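# Breakdown of the fold
The primary structure of each chain is shown beneath.
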Amino acid sequence: MGVIRSFRKNFSNFFKKLFNKKNARIGIYGPPNAGKTTLANRIVRDWTGDAMGSVSHIAHETRRARRREGVTIQSNGGSISLDIIDTPGLATKIDFHEFMEQGMNEAESKRRAKEATEGVIEAVKWLENLDGVILVMDATEDPYTQVNVTVIGNMEARSLPLLIVANKVDLPESSPTTIREAFPQHPMVAISALEGKNIDTFYDEIAKRFG
């Protein structure tokens, strides 16, 4: 329990600092197809009217980090200005055959696999320049994966404040409680980035750390 309280205290202090900074760099991380870009689009659309990038059912649609500066979120009487970095999906292995199974030819599949691998490297490098991380997990999937455990361990080693988002709760098979129980040392909010379900709770989870 002491470890959990420590992480929660650090997380709270982090958001207090955010409200005192002009722009905080927040990276959106997670495995492929967890809904990272959908969430990034939701945030940017809600507060600027724009979108951040395209989404696809094919894994590794995002193969380069994308940054949107100066997104100001207002909630519960407070406001916070963020630079949002939407990162490529993290994976321990990227096989070009996965793209061929989606109907791409071999040359295109190999090109995409190479770009996706480079994107993972870029995403890891971005950790050196972030103030915090939103880790998106698919609430319909088992959270005990090598990617999730490795990512969380990496962020803890870097002392990066972390908010876990259990995404896709609009699907009947979702189980955000499983994610909460898997990583109780970190705060978590359950949402549907696609439909906007509980998105205000997500914004409140950030804003309430202000005071």
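First, a word on scope: everything that follows refers to the structure included in this document. Source: prediction; values computed, not measured. (Residues numbered from 1 in each chain as written. Predicted model: local features only at pLDDT ≥ 70, side-chain atom pairs only at ≥ 80, totals over all residues. Heavy atoms only, no water.)

### A look at the pairing of strand 5 (residues 162-167)
Basically, it comes down to this: The classification of residues rests on relative accessible area computed with a 1.4 Å probe and restricted to protein chains. Under 20% of the type maximum is buried, over 50% is exposed, and intermediate values are partly exposed. Only DSSP runs of H or I reaching four residues or more are called helices, and only runs of E reaching two or more are called strands; each is numbered from the N terminus. One requirement defines pairing of two strands: DSSP has to find at least two bridges between them. When the strands point away from the viewer, a crossover counts as right-handed if the route from the first strand across the helix to the second turns clockwise.
With six of six residues buried, strand 5 is to be regarded as a mostly interior element. Here strand 4 (residues 132-138) runs beside strand 5; their pairing, made up of six bridges, is parallel. Bridging across to strand 5, Met137 finds its partner in Ala166. Between the parallel pair strand 4 and strand 5, the chain is carried across by helix 5 (residues 146-157), and the sense of this crossover is right-handed. Pairing of strand 5 with strand 6 (residues 188-190) involves three bridges; the strand directions are parallel. Along strand 6, the bridge assignment pairs Val165 with Val189. Where the polypeptide runs from strand 5 across helix 6 (residues 176-182) and back to strand 6, its parallel neighbour, the crossover connection is right-handed.

### Brief notes about helix 5
Residues lying three or four places apart along an α-helix face the same way, a consequence of the helix completing one turn every 3.6 residues. Keep this limit in mind: To estimate the expected span of a helix, count its residues, drop one, and scale the result by 1.5 Å. Starting at the helix axis, one direction is taken to each C-beta atom, and the arc is that of these directions. We call two residues contacting when some pair of their heavy atoms lies within 4.5 Å.
An ideal rise of 1.5 Å per residue puts 16 Å on twelve residues; helix 5 measures up with 16 Å between its terminal C-alpha atoms. Three or more residues of helix 5 are buried, namely Val147, Asn148, Val151, Ile152 and Met155. Buried positions in helix 5, seen along its axis, are confined to an arc of 120° and lie on one side of it. Projecting away from the buried face of helix 5 at angles above 90 degrees are the exposed residues Gln146 and Ala157. In the core, the buried residues of helix 5 are packed alongside strand 1 (24-29), strand 4 and strand 5. A positive phi of about 55° marks Ser159, the residue just after helix 5.

### Considerations on the nonpolar core
The condition that has to hold: Here, nonpolar core means buried Ala, Val, Leu, Ile, Met, Phe, Trp, Tyr and Cys residues that are tied together by side-chain atoms lying within 4.5 Å of each other.
Tyr29, Leu130, Val133, Met155 and Ile164 are the most contacted members of the largest nonpolar core, which has 27 residues in total. Elements with a contribution of two residues or more to this core: helix 4 (106-126), strand 4, helix 5, strand 5, helix 6 and strand 6. Counting residues per element, this core draws most heavily on helix 5, which supplies four residues. Apart from the residues lying within four places of it in its own chain, the contact partners of Val133 are Gly27, Tyr29, Leu127, Met155, Leu160, Pro161, Leu162 and Leu163.

### Quick notes on unusual backbone geometry
Phi at Ser159 takes a positive value of approximately 55°, unusual for a residue other than glycine. Considering the arrangement of structural elements, one finds Ser159 in the loop between helix 5 and strand 5. Within the chain, Asn198 stands out as a residue other than glycine whose phi angle is a positive 65°. Tracing the backbone shows Asn198 in the loop between strand 6 and helix 7 (199-207).

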